Number of protein chains: 2
Amino acid sequence: MGRGKIEIKKIENTSNRAVTYAKRKAGIFKKAKEIAILCDVKVSLIIVSGSGKMDAMCSPDNSLSTICEEYHKHSKEKLWPAKHENLHNEIEMVKKENENMVIELRHLNGQDINLNHYELIPIEEALENGLISVRARKAS
Amino acid sequence: MGRGKIEIKKIENTSNRAVTYAKRKAGIFKKAKEIAILCDVKVSLIIVSGSGKMDAMCSPDNSLSTICEEYHKHSKEKLWPAKHENLHNEIEMVKKENENMVIELRHLNGQDINLNHYELIPIEEALENGLISVRARKAS
DNA sequence: TTCGCTATCTATAATAG
DNA sequence: TCTATTATAGATAGCGA
């Protein structure tokens, strides 16, 4: 559509590419709004340019969030696996630390029945040292 | 574009609406692919029809997930508030527990210099009790 | 619903300022 | 870089099968 037809491949000339981008972006956003209204459908459109600028739209009375939820209903692909994975991993790590400390505290309370004589020695020492420190501080 | 121009408002006739939807959907997906290639940009397009069917596309070498991540970099709106919120809350809770145990362990090691006399008493007792238990176990 | 057709409308490539 | 212009390519509304 224009003075000549163009091949669909990356426009190498930077300024031509920028001009075409501006025009086509306006065009596609217009189309997206039109189809949303004419056909009463939910539309989400996000474009991120090479320079990192983003434009997004979605159909009236919707949010991208809503539309992403719809996406999840229909697709196996999860939109945020990485993010969730990371959060899950973080939880696991902190829980692991937690567990270790629970065990240590139990030991210091003399609550673990499965320890043998040799395992009890460092615990006894820790308690003795702790007691010394605490008494020293109380006295000061 | 067509035998007559149409006003941009919902097409009430159901079959006309369906036909227009099919045509325009094809058109907009084509445009989306073209701009992605021509201008080397990331595009995500999701359309959910009234009857609940969904179509989605995104630019080559990208995933919707990637593009959603980009969206998050640029927008205040979170696309998946609930899920993330829950995970964050869980992390906070576990971290809080963690912190409490770290403090308790420090106290039992006599490491906290900001405690007063009265705060030290229960710690001393805990240590004494722990020591009694551990020694009892060692002896058994 | 889904083609095919085509007159028309729209988007836009090329260009100039 | 934007903006405006315009000739053309492309999209599509209305119809018919």
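Small disclaimer: the values here were computed from a predicted structure and weren't measured.

Peer 1: For this particular structure, what's the right way to read the packing of helix α4 (residues 117-139) of chain A against helix α4 (residues 117-139) of chain B?
Peer 2: The contact between α4 of chain A and α4 of chain B brings their axes to 9 Å, and the two run at 155°. The angle between the axes of α4 of chain A and α4 of chain B places the two elements in the roughly antiparallel class. Between α4 of chain A and α4 of chain B lies a crossing whose hand is left-handed. Partitioned by chemical class, the residues of the contact of α4 of chain A with α4 of chain B number 12 nonpolar, 4 polar and 10 charged.

Peer 1: I'm lost on the protein's contact with DNA strand D in this one. Help?
Peer 2: Contacts to DNA strand D come from 17 residues, most closely from M1 and R3 of chain A together with G2, K23 and R24 of chain B. Protein-adjacent atoms of DNA strand D, using a 4 Å cutoff, are sugar or phosphate at a proportion of 63%. Contacts to DNA strand D include M1 of chain A, whose backbone N or O atom sits 3.2 Å from a sugar or linking oxygen. R24 of chain B is positioned with one of its side-chain polar atoms (N or O) 2.8 Å from a phosphate oxygen of DNA strand D. Partitioning the surface near DNA strand D into residue classes produces 3 nonpolar, 6 polar and 8 charged.

Peer 1: Explain α4 of chain A here, please?
Peer 2: An α-helix turns once per 3.6 residues; consequently, residues spaced three or four apart project the same way. Residue and element names in this part refer to chain A. Its 23 residues place the ends of α4 33 Å apart at the C-alpha level, agreeing with the 33 Å of an ideal helix rising 1.5 Å per residue. Considered for burial, the residues of α4 that qualify are L120, I123, E124, L127, G130, L131 and V134. Put simply, N116 is the residue that caps the front of α4, since its side-chain oxygen is 3.0 Å from the backbone nitrogen of Y118.

Peer 1: What am I meant to see in the confidence of the model for chain A here?
Peer 2: Close reading of the predicted structure is inappropriate where its pLDDT is low. Of all residues in chain A, 96% have pLDDT values of 70 or greater, and the mean over the chain is 86. Taking the mean pLDDT of every element in chain A, the minimum, 79, falls on helix α2 (residues 64-74) of chain A and the maximum, 92, on helix α1 (residues 14-39) of chain A.

Peer 1: Can you walk me through the protein's contact with DNA strand C in this structure?
Peer 2: Every one of the 19 residues lining DNA strand C counts as a neighbour, but K23, R24 and K30 of chain A together with G2 and R3 of chain B are closest to it. A share of 64% of the atoms of DNA strand C within 4 Å of the protein falls on sugar and phosphate groups. Measuring from a base nitrogen of DNA strand C, one finds a side-chain N or O atom of K23 of chain A at 2.5 Å. G2 of chain B has a polar backbone atom sitting 2.8 Å from a base oxygen of DNA strand C. At the level of elements, α1 of chain A together with α1 (14-39) of chain B are the ones that each hand at least two residues to the surface near DNA strand C. No other element matches the 6 residues that α1 of chain A contributes to the surface near DNA strand C. Of the residues belonging to the surface near DNA strand C, the class tally is 5 nonpolar, 6 polar and 8 charged.

About the thresholds
Residues numbered from 1 in each chain as written. Chains lettered and ligands numbered in written order. Predicted model: local features only at pLDDT ≥ 70, side-chain atom pairs only at ≥ 80, totals over all residues. Heavy atoms only, no water. Axes fitted to C-alpha atoms, helices over the stretch in contact; angles between N-to-C directions. Helix = DSSP H or I, 4+ residues; strand = E, 2+ residues; numbered from the N terminus. Parallel < 35°, antiparallel > 145°, perpendicular 65-115°, else oblique. Left-handed = near helix turned anticlockwise from the far one by under 90°. Nonpolar A, V, L, I, M, F, W, Y, C, P; charged D, E, K, R; others polar. Near = heavy atom within 4 Å. Polar contact = N/O pair within 3.5 Å; in protein donor to acceptor, adjacent residues only side chain to side chain. Expected span 1.5 Å × (residues − 1). Buried < 20%, exposed > 50% of the residue type's maximum accessible area, 1.4 Å probe, protein only. pLDDT = per-residue confidence, 0-100.

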